[in-house]
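# What the coordinates show
Below are the chains, spelled out letter by letter.
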Amino acid sequence: MTTPQVTTVKKGGSRIYVDDLTGERQPGVTSILNMMAKPGLRYWFAKMVAEEAVDSFSTIMDLVGKQRHDDAVDFLKRAPGRHSGRAADRGTIVHGLIERMNRGEELGNIHPDFEGYVRHYEDFLNKWQPEWLEVESTIWNSTVGFAGTCDGIARIQNEIVLVDLKTGANVYGETALQLNAYRNGEFVLEANGDRRPLPEIETAAVVHLREDRCEVRPIRLGDDIFQVFVALRDVFRWETDIKGTVLGKAVDPESGVA
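Bear in mind that the values here come from a model prediction, so they are computed numbers and not experimental data.

## Looking at the sheet that holds strand 1 (residues 8–11)
With antiparallel pairing, 3 strands are arranged side by side in an open sheet as 1-2-3. The sheet is open, and its two edges are formed by strand 1 and strand 3 (25–27), each paired on a single side. Taking the axes of each pair of neighbouring strands and ignoring which way they run, one obtains an average angle of 35 degrees across the sheet. Sheet analysis places strand 2 (residues 14–18) next to strand 3, joined by 3 bridges and oriented antiparallel. Bridging across to strand 3, Tyr17 finds its partner in Gln26.

Rendered as structure tokens:
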């Protein structure tokens, strides 16, 4: 996950962006997107636990044999987190390397685990020749209520392109919600509180970077997609601000229900 230059805080597991000059706070785009149901994750969680049970059979049997049933259960249920944590760490490192490349910095010695990513991204830069207008910039929208850090905005083949880097095994359609949110930002917020106009974004694309390849996939921009994101923002407001206020305490006939 990208670490924004703008101040952020955690609240209830969500990332909240803070404008240090005005004190305004807005939830991050990724936190809002977490309001969307992801039924595929249930299968993935189950698969990770099953694989851990097979791969660590002797460890689990040892815990069970010692009557440490709770420890065995805890070990298995944490399997998805261990797997996703390793993937997130790798993605964070790759994003850091790509940010430096986009800023024109020299990388120096690269760990062998990441040489493939760097080599294929260099191929992307040489082929597409992006002129970076924004790199890891925080985009803010006070009207709808969100903020987020985009990977980059570049001039590519005479178009202003919103670019998102993905390093996971797959690229999902929900990425369109993320990029349509960024496109509808009201301004770019600097770490010192300064505001700059957001470039007039014409199109969007995902750069899907893996150790063995780099692919560019267009992403559709449209008001219909942005309205879905706006609806998710309302769901986020329900979860964080409204839901905890709707259920009253138990009452009896004498006190009434009003």
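From this point, the discussion proceeds with the structure in view.
## So, the sheet that holds strand 7 (residues 187–189)
A sheet is described by the order of its strands in space; here 7 strands give the open sequence 8-7-4-5-6-9-10, paired in mixed fashion. Because the sheet does not close on itself, it has two edges, and the strands there are strand 8 (195–196) and strand 10 (213–219). On the sheet, helix 6 (residues 115–128) packs against strand 4 (131–141), strand 5 (146–156), strand 9 (203–210) and strand 10 and is oriented at approximately 145 degrees with respect to strand 9.

## Regarding empty space enclosed by the protein
Empty pockets left among the atoms are what a rolling probe the size of a water molecule brings to light. One pass over the full model with this rule turns up 1 cavity of 30 Å³ or more. Within this model, the largest cavity holds a volume of roughly 100 Å³. If you go around the largest cavity, you meet 13 residues; those closest to its centre are Ile98, Asn102, Tyr121, Asp151 and Leu165. Here the lining of the largest cavity is built from residues that sort into 7 nonpolar, 3 polar and 3 charged.

## Comments concerning a nonpolar patch on the surface
On the surface, Trp238, Ile242, Val246 and Leu247 cluster together to form a nonpolar patch covering roughly 410 Å² of accessible area. Considering the arrangement of structural elements, one finds Leu247 in the segment after helix 8 (223–242). Note on Leu247: relative accessible area 76%, which makes it exposed.

## Side note on the packing of helix 3 (residues 57–65) against helix 4 (residues 69–77)
Helix 4 packs onto helix 3 with a crossing angle of 155 degrees between their chain directions and a minimal axis gap of 7 Å. For the element pair helix 3 / helix 4, the angle class is roughly antiparallel. Of the two elements, helix 3 crosses helix 4, and the hand of that crossing is left-handed. For the pair formed by helix 3 and helix 4, the contact residues are Ile60, Leu63 and Val64 on the first element and His69, Asp71, Ala72, Phe75 and Leu76 on the second. Among the residues making up the contact of helix 3 with helix 4, the classes are represented as 6 nonpolar, 1 polar and 1 charged.

## Structural notes on the pairing of strand 2
The buried fraction of strand 2 amounts to 5 of the 5 residues, a majority that puts the element mostly inside the structure. Of the two faces of strand 2, the one carrying Ser14, Ile16 and Val18 and the one carrying Arg15 and Tyr17 are both buried. Pairing of strand 1 with strand 2, which is carried by 4 bridges, proceeds in the antiparallel orientation. Looking across to strand 2, one finds that Lys10 is bridged to Arg15. The hairpin turn running from strand 1 into strand 2, its antiparallel successor, is 2 residues long, and Gly12 in that turn takes a positive phi close to 60 degrees. Here strand 2 folds back onto strand 3 in antiparallel fashion, the turn holding 6 residues, of which Gly23 has a positive phi close to 85 degrees.

## Here we look at the pattern of salt bridges
Applying the stated criterion to the full structure yields 14 salt bridges. For Asp71, the salt bridge is made with Arg68, and the minimal N-O distance between the two is 2.8 Å. Here Asp71 falls in the partly exposed class, since its relative accessible area comes to 36%. Looking at Arg68, the relative accessible area reads 38%, which means it is partly exposed. Where Asp234 meets Arg237, a salt bridge forms, and the shortest distance between an N and an O atom there is 2.9 Å. Of this pair, Asp234 and Arg237 both sit in helix 8, separated by 3 residues, roughly a single helical turn. What makes Arg237 partly exposed here is its relative accessible area of 28%. A cluster of three or more residues bridged by salt bridges with shared partners is formed by Glu134, Glu190 and Arg196.

Definitions and cut-offs
Position numbers for residues count from 1 along each chain, tracking the sequence in the order it is written. This being a predicted model, a pLDDT of at least 70 is required before a residue's local features are given, and a value of 80 or more before pairs of side-chain atoms are given or counted; all residues contribute to the totals for chains, interfaces and linings. Only hydrogens and water are removed before side-chain values are computed, so all heavy atoms of the structure are retained for them. Note on pairing: two strands pair once DSSP finds at least 2 bridges between them. Under the DSSP-based scheme used, a helix requires at least four consecutive residues in state H or I and a strand at least two consecutive residues in state E, with every element numbered from the N terminus. An axis is simply a line fitted to the C-alpha atoms; with a helix, the fit covers only the stretch in contact. Between two such axes, the angle follows the N-to-C directions and lies from 0 to 180 degrees. Contacts are assigned to residue pairs that have any heavy atoms within 4.5 Å of one another. For cavity detection a 1 Å grid was placed over the protein atoms alone, and a set of points counts as a cavity when a 1.4 Å probe fits there but cannot get out; an open set counts as a pocket when protein lies on both sides within 12 Å along at least five of seven lines, with lining residues being those that have an atom within 4 Å of a point. Grid points are joined across faces, edges and corners, and a volume is the space filled by probe spheres set on the points. Put simply, Ala, Val, Leu, Ile, Met, Phe, Trp, Tyr, Cys and Pro go in the nonpolar bin, Asp, Glu, Lys and Arg in the charged bin, and everything else, Gly too, in the polar bin. In this analysis, a patch consists of residues with relative accessible area above 30% that form no salt bridge, clustered at 9 Å for like charges and at 5 Å for the nonpolar side chains Val, Leu, Ile, Met, Phe, Trp and Tyr. What sets the accessible areas is the Shrake-Rupley method with a 1.4 Å probe; for residues, cover comes only from the shown protein chains. For this document, the term salt bridge refers to a Lys or Arg side-chain nitrogen within 4 Å of an Asp or Glu carboxyl oxygen. Exposure classes here rest on a 1.4 Å probe applied to the protein chains alone. A residue is buried below 20% of its type maximum, exposed above 50%, and partly exposed in between. Just so you know how the angles are binned, under 35 degrees is roughly parallel, over 145 roughly antiparallel, 65 to 115 roughly perpendicular, and the rest oblique. Left-handed describes a crossing in which the near helix is turned anticlockwise from the far one by less than a right angle; the clockwise case is right-handed.

Just distances and angles here, no functional claims.
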